[in-house]
Structure formats: C-alpha cells, structure tokens
Amino acid sequence: MAKMRLSALVFLVLLLKCVPVQGDDSDHARNFITWDDFMVDEHGMASNVGGRVIVVDQSGNGDSTTVQGAVDMVPQNNTERVKICIYPGTYRERVHVPKSKPFISFIGKPNITINANEANITANANALNITDIANAIPIITNSTKASDKGSDGQEMGTVSTATVWVESDFFCATVLTIENLVDKDADKRQAVALRVDGDKAVFYRVRLVGEQDTLLDNTGIHYFYRSYIQGSVDFICGDAKSLFHECELYSVAEFGGAIAAHHRDSADEDTGFSFVGCTIKGTGSIFLGRAWGEYATTVYSYCYMDDIINPLGWSDWNNSSRQGYHTNSFKGSQLVVFLFVLVFLMWVQVDLAEGGNGHGGVRNYISWEDLQVDEQRLALKSHNELRVIIVNQNGGGHSKTVQGAVDMVPDNNKQRVKIYIYPGIYREKVLVPITKPYVSFIGKRNQTASAVITWNSKSSDKGPNGQALGTYDSATVGVDSDYFCATEVTFENTVVASAGGKGMQGVALRVNSARAMFYRVRIKGTQDTLLDNTGTHYFLKCHIIGKVDFICGSAKSLYENCRLQSIAETYGAIAAHHRNSPREDTGFSFVGCSIRGTGSVYLGRAWGNYSRIIYSKCNMDGIVNPKGWSEWNHPERKKTAEFAEYQCNGRGADRRHRVPWSKSFRYQEARPFLYRSFIDGEQWLRL
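Everything quoted here is computed from the prediction, not taken from an experiment. (Residues numbered from 1 in each chain as written. Predicted model: local features only at pLDDT ≥ 70, side-chain atom pairs only at ≥ 80, totals over all residues. Heavy atoms only, no water.)

### Some points on the overall build of the chain
Helices and strands together make up the secondary structure of the chain, namely 7 helices and 48 strands. The 687 residues of the chain split such that 57% are buried. Long-range pairs, those at least 24 residues apart, make up 67% of the contacts in the chain between residues at least 6 apart in sequence. Surface accessibility of the chain: about 28,000 Å² in total, with carbon and sulfur atoms responsible for 48%. (Helix = DSSP H or I, 4+ residues; strand = E, 2+ residues; numbered from the N terminus. Buried < 20%, exposed > 50% of the residue type's maximum accessible area, 1.4 Å probe, protein only. Contact = heavy atoms within 4.5 Å. Areas by Shrake-Rupley, 256 points an atom, 1.4 Å probe, with all protein chains shown as cover.)

### Concerning the state of the cysteines
One pass over the full model with this rule turns up 0 disulfides. Cys-278 takes part in no disulfide bond, and the closest cysteine sulfur, belonging to Cys-303, lies 4.6 Å away. Taking the relative accessible area as the measure of exposure, Cys-278 reaches 0% and is therefore buried. (Disulfide = S-S within 2.5 Å.)

### Comments concerning the sheet that holds strand β23 (residues 388-391)
Read from one edge to the other, the open sheet built from 11 strands follows the order β23-β24-β27-β30-β33-β36-β39-β41-β43-β46-β47, with strand pairing classed as parallel. Among the strands making up the open sheet, the edge pair consists of β23 and β47 (663-664). Relative to strand β30 (residues 484-487), strand β27 (residues 439-443) runs parallel, the two sharing 3 bridges. When the bridges of β30 are listed, Ile-442 appears paired with Thr-487. Contacts from helix α6 (residues 667-674) reach β39 (556-560), β41 (587-591), β43 (612-616), β46 (642-646) and β47, with the element oriented near 100° to β46. (Pairing = 2+ DSSP bridges. Axes fitted to C-alpha atoms, helices over the stretch in contact; angles between N-to-C directions.)

### Some points on the packing of aromatic side chains
In the structure shown here, the tally under the stated rule is 36 aromatic pairs. Relative to Tyr-225, the ring of Tyr-223 has its centre 5.6 Å away and its plane inclined at 10°; by these criteria the two rings are stacked. Assessed through its relative accessible area of 1%, Tyr-223 is described here as buried. Consider the rings of Phe-590 and Tyr-615, whose centres lie 4.6 Å apart with planes at 15°: the pair is stacked. With Phe-590 in strand β41 and Tyr-615 in strand β43, the pair connects residues that are 25 residues apart, well separated along the chain. Owing to a relative accessible area of 0%, Phe-590 belongs among the buried residues under this scheme. An aromatic cluster is defined as three or more aromatic residues linked by ring pairs; in this entry it consists of Phe-441, Phe-484, Phe-491, Phe-518, Phe-539, Tyr-559, Phe-588, Phe-590, Tyr-615, Trp-629, Phe-643 and Trp-661. Between the NZ or CZ atom of Arg-207 and the centre of the ring of Tyr-675, over which it lies, the distance is 5.6 Å. (Phe/Tyr/Trp six-rings, centres within 6.5 Å; stacked < 30°, edge-to-face > 60°. Lys NZ or Arg CZ within 6 Å of the ring centre and 35° of its normal.)

### Overview of the side chain of Ser-440
Mapped onto the elements, Ser-440 comes out in strand β27. At 2.7 Å, the side chain of Ser-440 forms a polar contact with the backbone oxygen of Asp-370. Sequence-distant contacts of Ser-440, that is, excluding residues within four places in its chain, are made with Asp-370, Arg-416, Val-417, Lys-418, Ile-419 and Cys-485. (Polar contact = N/O pair within 3.5 Å; in protein donor to acceptor, adjacent residues only side chain to side chain.)

### Some points on unusual backbone geometry
Although it is not a glycine, Val-175 sits at a positive phi angle of roughly 50°. A positive phi angle, near 55°, is found at Lys-541, a position not held by glycine.

### Some thoughts on the nonpolar core
Residues Phe-441, Phe-491, Phe-518, Phe-590 and Tyr-615 are the most contacted members of the largest nonpolar core, which totals 62 residues. Contact partners of Phe-518, with chain neighbours within four places excluded, come to Phe-484, Ala-486, Phe-491, Leu-509, Val-511, Tyr-538, Phe-539, Leu-540 and Cys-542. Ranked by size, the runner-up nonpolar core spans 51 residues in total, among them Ala-201, Phe-235, Cys-278 and Trp-314. (Core = buried A, V, L, I, M, F, W, Y, C linked by side-chain atoms within 4.5 Å.)

### Quick notes on the environment of Phe-103
Mapped onto the elements of the fold, Phe-103 is located in the loop between β4 (95-97) and β5 (104-108). C-alpha of Phe-103 to C-alpha of Asp-37: the two residues are 66 residues apart in sequence and 9.0 Å apart in space.

### Some thoughts on the side chain of Arg-416
By secondary structure assignment, the location of Arg-416 is in the loop between α5 (402-408) and β24 (417-421). Classification of Arg-416 by relative accessible area gives buried; the value is 8%. Side-chain polar atoms of Arg-416 contact the backbone oxygen of Tyr-483, separated by 2.8 Å. Those residues in contact with Arg-416 that sit more than four places away from it in its chain are Tyr-365, Ile-366, Asp-370, Arg-387, Tyr-438, Val-439, Ser-440, Tyr-483, Phe-484 and Cys-485.

### Describing α6
Taken together, the buried positions of α6 are occupied by Ala-670, Arg-671, Phe-673 and Leu-674. Buried residues along α6 sit against β6 (139-142), β39, β41, β43 and β46.

### A short note on the pairing of strand β25 (residues 424-427)
Side chains of β25 alternate between two faces, with Gly-424 and Tyr-426 buried and Ile-425 and Arg-427 left unburied. Of the pairings in the sheet, the one linking β25 to strand β28 (residues 451-455) comprises 4 bridges and is parallel in character. For Tyr-426, the partnering residue across the bridge sits in β28 and is Ile-453.

### Description of the pairing of strand β1 (residues 53-56)
Across 4 bridges, β1 lies against strand β2 (residues 82-86) in parallel orientation. The residue bridging Val-53 from the neighbouring strand is Lys-83, located in β2. Crossover connection from β1 via helix α2 (residues 67-73) to parallel β2: handedness right-handed. (Right-handed = clockwise from strand over helix to strand, strands pointing away.)

### Remarks on the pattern of salt bridges
All told, the structure shown has 32 salt bridges when counted by the stated rule. Of the charged contacts, one joins Glu-642 and Arg-612 as a salt bridge, the two residues approaching to 3.8 Å between their closest N and O atoms. Highlighted residues: Glu-642 in strand β46 and Arg-612 in strand β43, separated in sequence by 30 residues. Just as Glu-642 is buried, Arg-612 falls in that class too. The closest approach of N and O atoms between Arg-656 and Asp-654, which form a salt bridge, is 2.7 Å. Residue Arg-656 is classed as exposed on the basis of its relative accessible area of 69%. (Salt bridge = Lys/Arg side-chain N within 4 Å of Asp/Glu carboxyl O.)

### Examining the environment of Ala-508
As for its placement among the helices and strands, Ala-508 is situated in the loop between β31 (490-493) and β32 (509-511). C-alpha of Ala-508 to C-alpha of Thr-526: the two residues are 18 residues apart in sequence and 9.1 Å apart in space. Those residues in contact with Ala-508 that sit more than four places away from it in its chain are Thr-476, Val-477, Phe-491, Glu-492, Asn-493, Ile-523, Lys-524, Asp-528 and Thr-529.

### Some details on the confidence of the model for the chain
Across the chain, the average pLDDT comes to 84, with 82% of residues at or above 70. This model gives residues 1-28 a pLDDT under 50, and the stretch forms 46 contacts once residues within four places in sequence are excluded. Scored below 50 in pLDDT, residues 325-360 makes 91 contacts in the model with residues more than four places away or belonging to other chains. (pLDDT = per-residue confidence, 0-100.)

What follows is the structure, encoded as structure tokens:
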C-alpha cells in the first residue's frame, strides 16, 4: 500500500492550524480535533457529571448506564471538549448526538492497559487497537430497517433507522463498534449503523457493521481513518465530503453489491468521497460505486482491491445521463488527492508518516505493500542496496537458489527485504532464521504454482548425526523469521505417506515465527504438510493439501477463505492441534474455508488434552467423516478438547452423527474466533 507524506512546510502549516497558541483564552472553543481528543486519563476518571469526562458503564459503576444518558448530560451549546468514555459491553440502544452539543468524543475503553503518562501522543493513540472479541470494546447495536413502522404508523425510511445519529460539530470517536443488524432477506432492508450530519467529524479505528446503507455519510466534512466498514449494498452512501484513509472496506454480499453511492446533484456542490490507501475485501461481486446523483463523485487512490470487484467497476444506477460525471480516473490524480488530503487536515492533526515517527524505523506490522513488487521495474542492484533480491534458477538474478537469497539478508535487519522468486522448480531445503526478520517471499503474480520450493525428507530419514530427522526437521521450508510473509509460492514435500504408515511424516512448511502471514500460497504434502508450530499466524486464501493431520502444531492461527484439500485414499484428518493446558492461548480457527477432495477425513484430532479447533462458515463436502472429530484414542480428551462448528454448510456439515462431545457454537461463542482479532491482527496486520 503506497504511503502519503506531507512536506515539512505543509506539516508546519497544519501544526499551526491545529495547536493553540500560548496565551489563548482557555475557555474559547477549539475549532479543531487533535489526538488528545481521543484519549482519557483512565487513572483519574472520577464520577463527576459536571466534569470533562463522562463514564458509561452498563454495570452501574459510571455516570450513566447508557450512551444516550451520557449524551444528555452534556450541556447545551458547550464550548469545551467533553469525552464520553464507554466501558466494554453491548449497548442495545439508539443514540442521537444533537447539533446543540458540539465538541463531543466517544472513546471506547478496550481491555488493554494504556499508559496515561506516555509522552508520545501518537504512540499512545495507536495503542488503542480495535479488537472484536466479546467484552473487548463497546458495541452500540440496533436492528431497525427502513420498512419498520415509526410512532406515526408510517414506514421509517432509511435516514431514520440509524443506530447512532451524529449532528454534533467537531465530533470524534475511537475504539467502538456501531452496528445495525437486520435480516438480510427482509424487504426494504436499508438499515443505517451510523448517520453523520455534523460538520468536521473524525472516526479513528471504529467498526461500522451492517448490510445496506451501513454508513449514511449524509452532510458535512468528515475524516475516517483506519476504520472498518462492512456491508453489501451501498454501504457507504450520502452527500458528504469525506476522506476514507487506510480503511478496510469489507463486502458481505452474497451476489451483487456496491461499496459507495454518492449523491451530488450539481457541479457546484463541493462534495465527494475519496478513498486513499484503503483495502477492499470480502465476498460477492461488487461495484466500486453507483451514481446516486447526477454529479456523484467517488475517487479511489492507492487502494488494494481484491478480486471481488465487478469487472465493470462502476454503475450509473440505470441512468445513462450520469455516465459522464461518475469519476473513476482523471489526469493529475496524485496532485488532486494530495490537495484533497490537505483540505481535510487543516482541521485535524494526524501523523501520516508510515510507522508514526517519520524516521524510517522498524515497521512492526505486515501490509499489502510487503506482498508486492513492481514486476515491470525489477532491476539488479548492488548487494548494499538490496531491498528486493531476485531468485532465478536460470541466472540473471542475485541468486539461483532461494536459500542463497535468504543468506543475503543481513542479520538483525530492520527493513523489509523482498525475495522475488522467478517461476521454476527449486529443489532445496530452505531455512529463514530468527535473526532475519521482515522477509517476504513473492512469486509471480497470479501464478502460485509456477514458483515451487520442493524436497522429499521424511521423519524417519537419517540426519547428519546418523539419527532420525523427526517430523520437525523434515520440513522443506522452515520459517523462524518474525514478520515473515509469502505469496504466490508453492511449498512442497513429495514424500507419499499412507494412513497408518510409520515414519512417513513429511513437512512442506514449518512456521515458528512470532507473527507471519501467508496469502495465496499452496502448501502440498501428505502427512503433516503444514507444521504450524508456534506463534501467531494468518493464512488467507491459501490452498493446503494432504492426507493425515495435514495442518498440525501448537500455534494460534486464523485460516480465512482457504481451500483444504484431502487426497486421502481411505481415511485421514485435516487438523491436529496440540495444546496441553487451558492457559495456553492457542488454537486453529478456520473461517469461510472450503473442504474438498477424497477419502473420509476427520475435521480434527486432539493431539493434546486441550486441543482447540473451530470451523466457522465453512463449506464442507461429503468427504467429512460423519463423526467429525477424534480424541486420538485418549477418552479423557473428550472432556477437555474444544472442537466446535458454527454455521457451516454442505454435505459434510450435517451434525446429526457428530461425536456428542463436540460443540455447535452460537454466535457469541463463535465470535472470538471469527475475525482477525483472534490473532491480535490489529496489532500487526495493516491490510
């Protein structure tokens, strides 16, 4: 993802606009928003209704048990910032922040420690990471749709459905989920989670969850920064002038849908939606935008777009007269986007420098940029300049082997080094050691099968010391490197194991990284294909192939939208998780995956007493053994292993014959395992 930097001169202008001059009247309204407006001193929060902080705690230990009650405590026409600190919980209510109450902050209190004495404001603000596990951040929720009847007996219409309606000027919010959940099959299912009519509002790390018209960005000028917005149809809509910066736009459409619908009926209206550095992911086939008005303006710049985008890109809303004005490209786009950002930031103090310090320090996260190279501009550079190392077995690169490229990475490096692997069969064993963090393996785009790293060691093979290798050392590729990531590469172990065979474990990929991500990789073997050994890992849209326990280990990992393919001739198992204590925060969570192939396979086997494996919203073919799960011939593990399924479908998802000690989760039980928060993704993934 490309980053935007402000020049020193521009930043000075912003700073002068955003920071009060010493000697100013402290009682005068501050017509700007700063990081301070997103923070509270949690050690000094007293229950003082007349103070600058109002505490909302549904357990009764604050100033109010409801968010609306706290808003009602704010004096009319107040001229000083009032911070409403909302404790974790699910607040089932509709909230209105009226025009007469400006300078309000909604601040969610996450279940993490915040150092109130931290000198660096930006670092402190970035500590407020969104999580989506139960009781971690507050949720304001509602289920009102356009066809519902109001107090007058008439249909409410879209604008009146909002869970939270903000008319307040200089409003800001952070670490908060706002949702409107209605039946997706309902008639007139427009259901607004957040409606914004106030001028000059900022939303930082908020989650907006709904289906149709999730965010009614109605009027005013607004800034959405690193927020998550979910829906299926026109889930960002309205007449406002808004910048969406480094946000995640997540489609839950089953078929067709659209992200944005901007309404602008005159060329004289200075409004529009600008999306900069955002990521677009999810399901369905969606338009980037639909022309709600004649002069609708929607611009995407530096965004990562997954393959869910409808190839047409844009819709004129069945009105061909609008085709000339719905903007999807223009000359001088970088200058226009820069000016657009500048206009917004004249009233909000935000650090845009990557990593927050602007000094090129260690980036302790993985972004889409780390998984990409410009294939058209690859060029050999001297060893001292290497940020991209080219592997080509035919020569013409920096190395003919993958291990040779890894060896070129300096020990204890602090910058991302990308190893670009040309198509070919690389017959070698590779180790990426812990001393070489921030390494990427990148194959040719859209050709996962063309760069193959392959070997054929099995656990019973003898090592240099004359002893059996064991499963661990059979790995074709071993990754100990922190913040490692890989894409468009195949990891393979060609040992052919059969069910019941001895010493035939052959690992294709072993991962011991503290944090690692694999996107669109193929991992191919038979037994113990992927040894997901230790650490926290994210597998997205990967293809994992095997027969017996072909995903195994002690790690805490999320497998999202992956293909799990059994090649078993008779029987086998997909996953074998090893966890020996309930205090171990580990487990395998499979979300939105597909299970295909041959044989009759268990979903999982209890390798340890407290093995934990969850399948959610997965499509299971008929190859799944009707019992579903195995205790690995240890009956005592039936009482302690956590094996569960949630909203899975397909012939293999029939639970009528499942072992009785497995679980069918409800949403609240499944929720901690459904999202990237399961792997603390907000702390180390910027996708």
